[in-house]
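# Chain and residue survey
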Amino acid sequence: MCFTVWAAQAQQMLHSDSSAVSSHQVTIKGKRVPYTATVGTQPVWDKKGKEVAYLFYTYYQRSDVEDKTNRPLVVSFNGGPGSASIWMHIAYTGPVLLNIDEEGNPVQPYGYRENPHSILDVADIVYVDPVNTGYSRITDKEADRSQFFGVNADVNYLAEWVRTFVTRQNRWASPKFLIGESYGTTRVSGLVNRLQNSQWMYFNGVVLVSPTDLGIDREGPVAAANYLPYYAATAWYHGVLDNGLQQKDLDEILPEVEAFTVNELIPAMVKGGFLEEEKKKALARKMSAYSGLSEKVIREHNLAVPTSFFWKELLRDEGLTVGRLDSRYRGVDRQDAGSRYDYDPALSSWNHAFAPAFNHYMINELDFKTDINYFLFGPVHPWDRSGDQTGENLRSALAENPYLHVLIQSGYYDGGTDYFNAKYSMWQMDPSGKLKDRLSWKGYRSGHMMYLRSEDLEQANDDIRDFIIKATPAAGSPAKY
């Protein structure tokens, strides 16, 4: 099975409207699940109906379910912006897993295996690569790039694309879910509202994996203080806390640090340079105990320690750095001096594992052969970040759709989109508190891609599986307050 490849704009491209289907099986929860895999492309049209791009997708459907009316459909995006859908596709919810060890480190030989925890037993899944990611490309060399590359532009064209896909696949009656990771959470938070209000397509659930700030304000003292619980989790993992704290379990430490952050640190930092000297010393002492950093460097930063400095400083005496996206990973810099690391050891490790496995999978399992480069990270810049109201977009969608539920998933060791700021976003999203019964948060002992750790892969998929079941109402249940 080989897609048509044609030349345009001095580069190779796939045919913009193609699909090919293959049949497979996977064992999930001890039961054999037959499924079809469709690799395809679907055009993107501009406001005048002219084709300007195409998106590549991989669509998995359970093949022993004839009636799709009650069969949930999950539309999956990753983030970046500029990232393909590869990450959750072959490491989280899909029917195959790349070869990694129990903690998520790359191993050789590169390849893949069955995913015994995939959610394909309860829902069909389509993984979508936005414009200029994966195999997706702009086809019109005169096209205005601003119609793709921005918070709101991204949401607008993807809403039209999703509507077309759902129509072509005859899935309008199905319960529908969006899942996004990292910047993908910005994408799906805006997208669910846009689909409701411009395409009249209503969803049952949104899953936010390692969410961004979603345009929710957290400037000043809140921005500076909210990272402390993440610092505590990382310091605990690396065993650098004082014995009294280090001997406690993470589940004991974090509620204590969170309470200190909300009840003591933020109110004190509101005073800025007018904070009493003795109070500042006492806070630095407590922050040092929780973070593994010295009181001296904490005071030198006026209690507001940047994440970049933390990653460099925590294990400086050992000649090591810790990762941004997953601080379990350790790196080695050219020199121990400095205020930031040379590279993120977590991201380097992941790139090492994913690219070979995905290309191997496409060729050998899905029989998809092309000379085109699959962009893990594609050229999408400059990206217009103005007008980000996606947190409010999601709140509005929740208010207007009583069926809609939200699940937030975070890794305790994620320093890019840390877990406590994810909690903060959830708390701030609905000031009335009237929607909080449909908002839930889950934490895991891993990083940005919490599913790379075997134990968390199973639990996180179980949490999504339970969420899908909970958010799918019984037949005849009315959507009303």
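Being a predicted model, the structure only gives us computed values, none of them experimental.

### A few points about the layout of surface pockets
In this model, the largest pocket occupies a volume close to 800 Å³. Lining the largest pocket are 30 residues, with Ser182, Thr212, Arg324, Gly416 and Thr417 positioned closest to its centre. Among the elements of the structure, helix 3 (183–198) and helix 11 (345–364) are those that each provide at least two residues to the lining of the largest pocket. A per-class count over the lining of the largest pocket returns 11 nonpolar, 11 polar and 8 charged. Residue assignment places the lining of the largest pocket across two domains, with domain 1 (18–215 + 351–471) and domain 2 (220–343) each supplying three or more. Considering only enclosed or pocket space, the second largest pocket measures out at about 410 Å³ in volume. Around the second largest pocket, the lining comprises 18 residues; the ones closest to its centre are Trp45, Asp46, Lys47, Asn156 and Tyr157. For the lining of the second largest pocket, the residue count by class is 7 nonpolar, 6 polar and 5 charged.

### Side note on the side chain of Asn421
Topologically, Asn421 is positioned in helix 13 (residues 419–429). A polar atom in the side chain of Asn421 sits 2.8 Å from the side chain of Arg218. Side-chain polar atoms of Asn421 contact the side chain of Asp418, separated by 2.7 Å. With residues up to four places along the chain from it excluded, the contact list for Asn421 reads Arg218, Asn226 and Tyr227.

### So, the domain arrangement of the chain
Along its sequence, the chain is carved into domain 1 (18–215 + 351–471) and domain 2 (220–343). Contact between domain 1 and domain 2 buries roughly 1900 Å² in total, counting both sides, with carbon and sulfur atoms accounting for 52%. Ranking the residues of domain 1 by area buried against domain 2 places Tyr413, Phe420 and Arg445 at the top, with a combined share of 37%. There are 4 salt bridges connecting domain 1 and domain 2. For the salt bridge of Arg328 with Glu103, the shortest nitrogen-to-oxygen distance reads 2.7 Å. Seen at the junction of domain 1 and domain 2, the total is 12 residue pairs in polar contact (both at pLDDT 80 or more). Here the residues of the side of domain 1 that touches domain 2 are counted per class, giving 6 nonpolar, 8 polar and 6 charged.

### A look at empty space enclosed by the protein
The probe, sized like a water molecule, is rolled over the atoms to show the empty space still left. This model, assessed by the stated rule, comprises 5 cavities of 30 Å³ or more. The space that makes up the largest cavity amounts to roughly 50 Å³. Along the walls of the largest cavity sit Ala224, Ala225, Leu228, Tyr231, Met287, Ser291, Leu293, Leu303 and Val305, which together make up its complete lining. For the lining of the largest cavity, the secondary structure elements donating two or more residues are helix 4 (221–225), helix 5 (228–237) and helix 8 (277–291).

So, how was this worked out
- Residues numbered from 1 in each chain as written.
- Predicted model: local features only at pLDDT ≥ 70, side-chain atom pairs only at ≥ 80, totals over all residues.
- Heavy atoms only, no water.
- 1 Å grid on protein atoms, 1.4 Å probe; cavity = no way out; pocket = protein on both sides within 12 Å on 5 of 7 lines; lining within 4 Å.
- Points joined across faces, edges and corners; volume = space filled by probe spheres on them.
- Helix = DSSP H or I, 4+ residues; strand = E, 2+ residues; numbered from the N terminus.
- Nonpolar A, V, L, I, M, F, W, Y, C, P; charged D, E, K, R; others polar.
- Domains from an automatic or database assignment.
- Polar contact = N/O pair within 3.5 Å; in protein donor to acceptor, adjacent residues only side chain to side chain.
- Contact = heavy atoms within 4.5 Å.
- Buried area = accessible area lost by both parts, 1.4 Å probe.
- Salt bridge = Lys/Arg side-chain N within 4 Å of Asp/Glu carboxyl O.

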